[in-house]
Amino acid sequence: MSGSETGTGIRRILLKLSGEALMGDQDFGISHDMLEYVSDEISTAVQRGAQVAIVVGGGNIFRGLSSAAGNMDRVPADQMGMLATVMNAIAIAENLNRNDIPATVLSAIPVGSFTEIFSRRLALEYLESGKVVIFAAGTGNPYFTTDTAASLRAIEISADLLLKATQVDGVYDADPKTDPSAKKFQKLGFDEVLRRQLGVMDLTAITLCLENDLPLRVYEMRSKGALGRILDGQNEGTLVTN
């Protein structure tokens, strides 16, 4: 795997998944059907020769606890969110392994024997060996989103492309769910995303991508086969570059 790359020259990707994406049609928790769907999409990428890393959010679990966390200080609330991402990461890794796709979890915070602690060296070793690496617990610090963690980890592992899977098929100039006249962008510059405040990712995440020349593609999570089409060079979703 170490010398491989896809037909588009993309060798290594980082996929950002929201925790909500794992709910499927449920109100909270983890849907087995969505885990299988994610495994199918990742399998397609691996078969095309890509090294795959994943950062997952925790909204599907943490939002179920939001009433309890509502009056908490930000720091313990964020710590609960980090633990939720660890649960999601373990679920994704377990399902991938069950589908004969080698995967492992690296956590930014120590969680006993459940996962290994994150290090860049270890992440690169696993990616080069052909394993899918799931990064858990965000950056390990409060006040930082999993979007920022995704940008940071993508830069640390020298990813060729950061992918953000969302509920819509790209970036629009307005909310397409409420505005039928919303215009979809095929390609954008990071400076325009910042200037227009398009909300693609949070400010820190976008700035990291901009300053490190890391291309970002936003696409629809539930568009079956989208990951494969992206790696085949098709114009899926919206590409954001310098």
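Residues numbered from 1 in each chain as written. Predicted model: local features only at pLDDT ≥ 70, side-chain atom pairs only at ≥ 80, totals over all residues. Heavy atoms only, no water.

Engineer: Report on the overall build of the protein chain, specifying residues and quantitative values.
Structural biologist: If you tally the helices and strands in the protein chain, you get nine helices and eleven strands. In summary, the protein chain has a C-alpha radius of gyration of 17 Å against a globular reference of 18 Å for 242 residues, a match within 12%. Across its three principal axes, the protein chain shows a C-alpha extent of roughly 45 × 45 × 35 Å. A buried classification covers 52% of the 242 residues belonging to the protein chain. Intrachain contacts of the protein chain at a sequence separation of at least 6 include 71% that bridge at least 24 residues. Roughly 11100 Å² of accessible area belongs to the protein chain as shown, and the carbon and sulfur atoms make up 50% of that amount. Here the protein chain contributes 22 positive and 30 negative side-chain charges, whose respective centroids are spaced 3 Å apart. (Helix = DSSP H or I, 4+ residues; strand = E, 2+ residues; numbered from the N terminus. Rg over C-alpha atoms; globule rule 2.2 N^0.38 Å. Buried < 20%, exposed > 50% of the residue type's maximum accessible area, 1.4 Å probe, protein only. Contact = heavy atoms within 4.5 Å. Areas by Shrake-Rupley, 256 points an atom, 1.4 Å probe, with all protein chains shown as cover. Lys, Arg positive; Asp, Glu negative; His and termini not counted. Charge placed at Lys NZ, Arg CZ, Asp CG, Glu CD.)

Engineer: So, the nonpolar core: which residues are in play, and what are the values?
Structural biologist: Ranked by internal contacts, the top residues of the largest apolar core, which has 42 residues, are Ile13, Leu17, Ile42, Ile54, Ile92, Val132 and Ile134. Here Ile54 is in contact with Leu15, Leu17, Ile42, Ile92, Val132, Val133, Ile134 and Phe135, once residues within four sequence places are set aside. One finds Ala154, Val171, Phe185 and Ala205 within the second-largest nonpolar core, a separate group that totals 33 residues. (Core = buried A, V, L, I, M, F, W, Y, C linked by side-chain atoms within 4.5 Å.)

Engineer: Give me the side chain of Arg153: which residues, what numbers.
Structural biologist: With respect to the helices and strands, the residue Arg153 is situated in helix H6 (residues 146-156). Excluding residues that lie within four positions of it along the chain, Arg153 makes contacts with Leu14, Val55, Ala108, Phe118, Phe135, Gly138 and Thr139.

Engineer: Which residues make up the pairing of strand S1 (residues 12-17), and what values go with them?
Structural biologist: Within a regular strand, the side chains alternate between the two sheet faces. Burial analysis of S1 places six of its six residues in the buried class, which makes it a mostly covered element. Here S1 shows no split at all, with Arg12, Leu14 and Lys16 on one side and Ile13, Leu15 and Leu17 on the other all buried. Direction of pairing for S1 relative to strand S2 (residues 51-56): parallel, over a ladder of six bridges. If you follow Lys16 over to S2, its bridge partner there is Val55. (Pairing = 2+ DSSP bridges.)

Engineer: Please set out the pattern of salt bridges residue by residue, giving values where relevant.
Structural biologist: Enumeration according to the criterion identifies 14 salt bridges in this entry. For Arg11, the salt bridge goes to Glu128, with nearest N and O atoms at 2.8 Å. Of this pair, Arg11 sits in the segment before S1 while Glu128 sits in helix H5 (residues 120-128), placing them 117 residues apart in sequence. Arg11 gets classed as partly exposed once you look at its relative accessible area, which sits at 23%. For Glu128, a relative accessible area of 27% puts it in the partly exposed group. (Salt bridge = Lys/Arg side-chain N within 4 Å of Asp/Glu carboxyl O.)

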